[in-house]
Amino acid sequence: MDTRYDSKTGSAARNKVIIASFTGALLEWYDFFIFGTAAGLVFGPLFFPSENPTLGTIASFAAFGIGFFARPLGGIVFGHYGDLVGRKITLIWTLLIVGISTFLIGLLPTYDQVGIAAPIMLVLLRLIQGFGLGGEYGGAALMTYESVPDNRRGFFGSIIQMSSCAGIMLATGVFALCNTLLTPEQFMSWGWRIPFLLSAVMLIVGMYIRLHIEETGDFKDAKKQKIRQKQDLLQVPEKNRSESEIKKKESIPLVQIFRKHPKEIFLALGTRLVEAVSSNIINAFGIAYLATELAMNKQVPLTGMLIASAIGLLFCPFVGWLSDRVGQRKIYMWGSAFCVVYAIPFFLLLNTQNPVLIVLAMVIGYNFGPTMMFAVQSTMYARMFDTNVRYTGLSLAYQISAILGGMTPLIASVLLSLGDGKPWYVASYLIATALLSLFCVRAIRQAITQQSPTTVP
C-alpha cells in the first residue's frame, strides 16, 4: 500500500477529494436523468407538439440524444487540458458549464409561447450541456482513482459511480414529488421546471468543494517526471537531440493515446456500449414505453426507478469491494452477460402492466445490468491508460460510446414503431450490443490493468 495515504492528513485530503468528485458527478447524472425523464414525459407536447404523441416523443428523444454528439468534443478538449494542466481546474470549468446550462433549460419558454425558437434554444442548451458533460466524467473519476491506495481503487471508484444511482434517485424523486403534489395542468405548465432550477443548489455546493481540493498525487508525480525528462533533455547537446525524442515529449495527449493505446481505446469503446444502451432502455425509454405505449400512470415507472436507484446506492459499493478481490474485468463480464439473458424477460414483465412486476423488472434490470458494470467501469478503464493521457483516454472511451447510449431512446422508439408497438426489436437491439460488449471485455488482457499509475511514455 502507498504510504502516502496512511497519515491522518492524507486520509482527510482523500475524503475531501472523494466528496468533491461525488458532488460534481452527482450534478452530472442528475442533469442527465432529469433531461431524459423530461424528454419522455413533457418535452414532446411542450417543445415538439404534434397530433401524433409518438412523433412528439421521438422528437424530444432526438433532442435528448443530440447532446451526446457534443460530448466527445468536450472529452477531447477537457481531456487535453486535464492531462496537461491538471484535473482540478478542468473540473471547475466543466461543473460551471453543466450547471449553468441545466439551470437555463428550466427558464426556457415553450413552443406555444415563442414558436420554433423554443426547441432551437432547448437543443442549443443541450449541446452546451453535452460539451461540459464530456469532460466531467473522466475528471471526476480520476480525481478519486488517483488519490486512493491501489488495492482499494475498485471500492473507492465505485463510490463515485454511486453518483449515478444517487442522480437517478434524486431526479426521479423530484419528478415523482412534483407529479404527486401538483395537478397535471400545473405540472405541464410550470412544475416540470423545478427539477432543472434545483440544479443551481448542487452547482453552488459543488463549486465550493472543488475550489478547496488539491491536485491528485498521480498527476503531481507524472508532472514531476515530465519536468525531470525535460531537464535531462536540455543537458544533451542540441545537435545530439533526435527529432523523435523532441516530438515524443511534445506530443499532445490525443496523439499519444492513438499512438500508444489504440487497442485499449477501441476495446473500452466496445465494452461501454452495453452499459450505455441498457441504462437508457431501462430508464428513459422504459418510462416512456410504460406511460405512452401501455398508457400507464407515469408514477409507476418513476417509483420503479426510484426504488431501483436507492438499492443501487448500496449495491454499487458492494460491487466495487468485490472487484478489488476478483477483478473489474470479471465483474463487467457478468453484467454484460446478464443483459443478454434479461433483455426479453424485462419487456415481458413490463407488458404484464402489473405495478409490482414492473418495479421488480426495473430493480433487477438496473442493478444487475448497468449498475454492476458502471460500478467498476472507471477503475477498469483508468488502469488501461498511462497517467499523462488517462484523462483523454477515459473521456474518449466514455463519451464516444455515449453517443449510441444517448440515441438509444430515439432508436428504441423507432424500433418500437417498426414493431407495431411490440418491444422485441428493442430487446434484440439490447442483446446485440451486449454481445458486442461481452466480446470486447473478454479481449481486454488482464496485463493491461496492472500498469503503474505513474507510468509516463
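Data block above holds the structure.
The paragraphs below set out a description of the structure included in this document. Remember, it's a predicted structure, so these values are computed and weren't measured experimentally. Every chain is numbered independently, its residues counted from 1 as its sequence is written. It should be noted that, the model being predicted, local features are given only for residues of pLDDT at least 70 and side-chain atom pairs only at 80 or more, the latter also being counted only at that level, while totals for whole chains, interfaces and linings use all residues. Processing note: side-chain calculations cover all non-hydrogen atoms of the structure and skip hydrogens and water entirely.

### Structural notes on empty space enclosed by the protein
1) Next: Both cavities and pockets are sets of points on a 1 Å grid over the protein atoms alone; in a cavity a 1.4 Å probe fits but cannot get out, in a pocket the set is open with protein on both sides within 12 Å along at least five of seven lines, and lining residues sit with an atom within 4 Å of a point. Grid points are joined across faces, edges and corners, and a volume is the space filled by probe spheres set on the points. According to the stated counting rule, one finds three cavities of 30 Å³ or more in the structure shown.
2) Next: Reported here for the largest cavity is a volume of approximately 80 Å³.
3) Next: Along the walls of the largest cavity sit 13 residues, with Trp29, Phe32, Arg272, Asn280 and Tyr398 positioned nearest its centre.
4) Next: Elements with a minimum of two residues in the lining of the largest cavity: α1 (8–41), α15 (262–293) and α19 (387–418).
5) Next: With five residues, the single largest contributor to the lining of the largest cavity is α15. We count a stretch as a helix when DSSP gives it H or I for four or more residues in a row; a strand needs E for two or more, and each element gets its number in order from the N terminus.

### Digging into the side chain of asparagine 179
1) Next: Structurally, the position occupied by asparagine 179 is in helix α8 (residues 153–181).
2) Next: Think of it in three bands: with a 1.4 Å probe and only protein chains considered, a residue is buried below 20% of the maximum accessible area for its type, exposed above 50%, and partly exposed in between. Residue classification places asparagine 179 among the buried positions, given a relative accessible area of 18%.
3) Next: Leave out the neighbours within four places in its chain, and asparagine 179 touches Phe187, Asn297, Lys298 and Gln299. Any two residues whose heavy atoms approach within 4.5 Å are treated as being in contact.

### Digging into the pattern of salt bridges
1) Next: Whenever a carboxyl oxygen of Asp or Glu lies within 4 Å of a side-chain nitrogen of Lys or Arg, that contact is scored as a salt bridge. Counted by the stated rule, this structure contains one salt bridge.
2) Next: Salt-bridge contacts for arginine 272 lead to glutamate 275; the nearest nitrogen and oxygen are separated by 2.1 Å. With a gap of three residues between them, arginine 272 and glutamate 275 both fall in helix α15, about one helical turn apart.
3) Next: Judged by its relative accessible area of 4%, glutamate 275 falls in the buried class.

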